[in-house]
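Okay, here's what each chain looks like letter by letter:
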Amino acid sequence: MKFLDEEIEKYAEAHTSEESSILKKVHRDTYANVIMPRMLSGHLQGRILATFSHMIKPNLVLEIGTYTGYSALCLAEGIADGGKIITIDINEELEEKVKGFFQESDFRQKIDYRIGNALDIIPTLSEKFDLVFIDADKENYGKYFDIIIDKVQKGGFIVADNVLWSGKVIPGKSNGSDKDTKALIDFNLKVHNDTRVENVLLPIRDGLMILKKI
Ligand SMILES: C[S@@+](CC[C@H](N)C(=O)[O-])C[C@H]1O[C@@H](n2cnc3c(N)ncnc32)[C@H](O)[C@@H]1O
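Please read these numbers as outputs of a predicted model, since none were measured by experiment.

K.L.:
Residue-level account of the site of the ligand, with values.
P.N.:
In the region of the ligand, 21 residues are neighbours, and S41, G65, S71, D89 and D135 sit closest. Between a nitrogen atom of the ligand and a main-chain N or O atom of I90, the distance comes to 3.1 Å. Starting from 600 Å² of accessible surface for the ligand in isolation, the protein chains cover 91%. Contributions of two or more residues to the shell around the ligand are made by α4 (70–76) and β2 (84–89). Of the residues assigned to the shell around the ligand, the class counts are 10 nonpolar, 7 polar and 4 charged.

This is the structure we're talking about:
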């Protein structure tokens, strides 16, 4: 399913700042050579993530789900001097390619790329994050929230991708029985009812849940 009406998406992209040359390269290479390229955030969502990063000016960012590095490069754009993004992915097959992209970018010093299961790595992190982007396996979204919430600064943000799941989270649009749909329905309800955060569900692309820790 296309996330947005095609004409609207084209118009929005035509009136949005261009991607950098490295982002264009990651995009092109991912679509030519990597399976499931639709997982990559893309032009419009990438500029939104970069804008959030510029607005927050974070010292420390955590990303769960690097894939080919597109969103990590966008999130790195607004990081304060001396700050960094830790980005985690379980897929070691993409490691060399992604390292090459990061190395080629202006943000090579700011990106700490780790390979492994985020559920194992996150509990070992002692940092406090200003911004967290959750974009990995949907069935663990609730667990990711539980293990990161105490590692987010007061006033910091968590952004979770794909929370609309092509509309399947809407009552009656699916029977809600596949595990990813069920996990996202549970996640949306869980964070909406959690008094430690304020939230807004942005119906952009496949849905971005924005949580502010209060
Ligand atoms: C949707 S893609 C990420 C897309 C990327 N954030 C972007 O916008 O370009 C999801 C990624 O999560 C990774 N992933 C899945 N389960 C994981 C886990 N338990 N720990 C770390 N990464 C995981 C997958 O290997 C995949 O590369």
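K.L.:
So what's going on with the packing of helix α2 (residues 21–33) against helix α5 (residues 95–104)? Which residues, and what values?
P.N.:
Where α2 meets α5, the closest approach of the two axes is 10 Å, and the angle between their N-to-C directions is 165°. Taken together, α2 and α5 sit at an angle that is classed as roughly antiparallel. Considering the relative orientation of α2 and α5, their crossing is right-handed. On α5, the residues that touch I22, K25, V26, D29 and N33 of α2 are K97, F101 and E104.

K.L.:
Tell me what's going on with the environment of K25, and back it up with residues and numbers.
P.N.:
Tracing the chain through its elements places K25 in helix α2. The exposure class of K25 is partly exposed, given its relative accessible area of 31%. As for K25 and A136, which are separated by 111 residues in sequence, their C-alpha atoms are 22 Å apart. Once you skip the residues sitting within four places of it in the chain, K25 turns out to touch F101 and E104.

K.L.:
Account for the packing of helix α7 (residues 141–148) against helix α8 (residues 179–192), naming residues and giving values.
P.N.:
Packed helices, taken two at a time, are described by the angle their axes make and the gap between the axes. Closest axis-to-axis distance for the α7/α8 pair is 8 Å, and the angle between their directions is 35°. Mapping the contact onto sequence places Y141, G142, F145 and D146 in α7 and L184, F187, K190 and V191 in α8.

K.L.:
Got a sec to walk through the sheet that holds strand β1 (residues 60–64)? Specific residues and values, please.
P.N.:
The strand order β3-β2-β1-β4-β5-β7-β6 describes an open sheet built from 7 strands, whose pairing is mixed. In this open sheet, the two strands that pair with only one neighbour each are β3 (111–115) and β6 (197–202). Here the strands of the sheet are splayed against their neighbours by 15° on average, with no regard to which way each runs. Relative to strand β4 (residues 129–134), helix α3 (residues 42–56) is tilted by about 165°, and along the sheet it contacts β4, β5 (152–161), β6 and β7 (208–213).

K.L.:
Could you give me a rundown of the packing of aromatic side chains, with the residues and numbers involved?
P.N.:
Within the structure shown, the criterion is met by 2 aromatic pairs. Taken together, a centroid distance of 5.4 Å and an interplanar angle of 80° make the contact between Y141 and F187 edge-to-face. Separated by 46 residues along the polypeptide, Y141 in helix α7 and F187 in helix α8 bring together distant segments of the chain. The class of Y141 is buried, set by a relative accessible area of 0%. The class of F187 is buried, set by a relative accessible area of 1%.

K.L.:
Give a detailed account of α3, specifying residues and quantitative values.
P.N.:
Over its 15 residues, α3 extends 21 Å from the first C-alpha to the last, a length consistent with the 21 Å expected when each residue adds 1.5 Å. With 11 of 15 residues buried, α3 is to be regarded as a mostly interior element. Backbone geometry just downstream of α3 places K57 in the positive-phi region, at approximately 50°.

K.L.:
Tell me about the pairing of β4, residues and numbers included.
P.N.:
Among the 6 residues that make up β4, 6 are buried, leaving the element largely enclosed by the rest of the structure. With 4 bridges connecting them, β1 and β4 associate as parallel partners. The partner of V61 across the bridge, within β4, is L131. Pairing of β4 with β5 involves 5 bridges; the strand directions are parallel. Within the sheet, the bridge partner assigned to F133 lies in β5 and is V159.

The rules behind these values
Residues numbered from 1 in each chain as written. Predicted model: local features only at pLDDT ≥ 70, side-chain atom pairs only at ≥ 80, totals over all residues. Heavy atoms only, no water. Near = heavy atom within 4 Å. Polar contact = N/O pair within 3.5 Å; in protein donor to acceptor, adjacent residues only side chain to side chain. Areas by Shrake-Rupley, 256 points an atom, 1.4 Å probe, with all protein chains shown as cover. Helix = DSSP H or I, 4+ residues; strand = E, 2+ residues; numbered from the N terminus. Nonpolar A, V, L, I, M, F, W, Y, C, P; charged D, E, K, R; others polar. Axes fitted to C-alpha atoms, helices over the stretch in contact; angles between N-to-C directions. Parallel < 35°, antiparallel > 145°, perpendicular 65-115°, else oblique. Left-handed = near helix turned anticlockwise from the far one by under 90°. Contact = heavy atoms within 4.5 Å. Buried < 20%, exposed > 50% of the residue type's maximum accessible area, 1.4 Å probe, protein only. Pairing = 2+ DSSP bridges. Phe/Tyr/Trp six-rings, centres within 6.5 Å; stacked < 30°, edge-to-face > 60°. Expected span 1.5 Å × (residues − 1).

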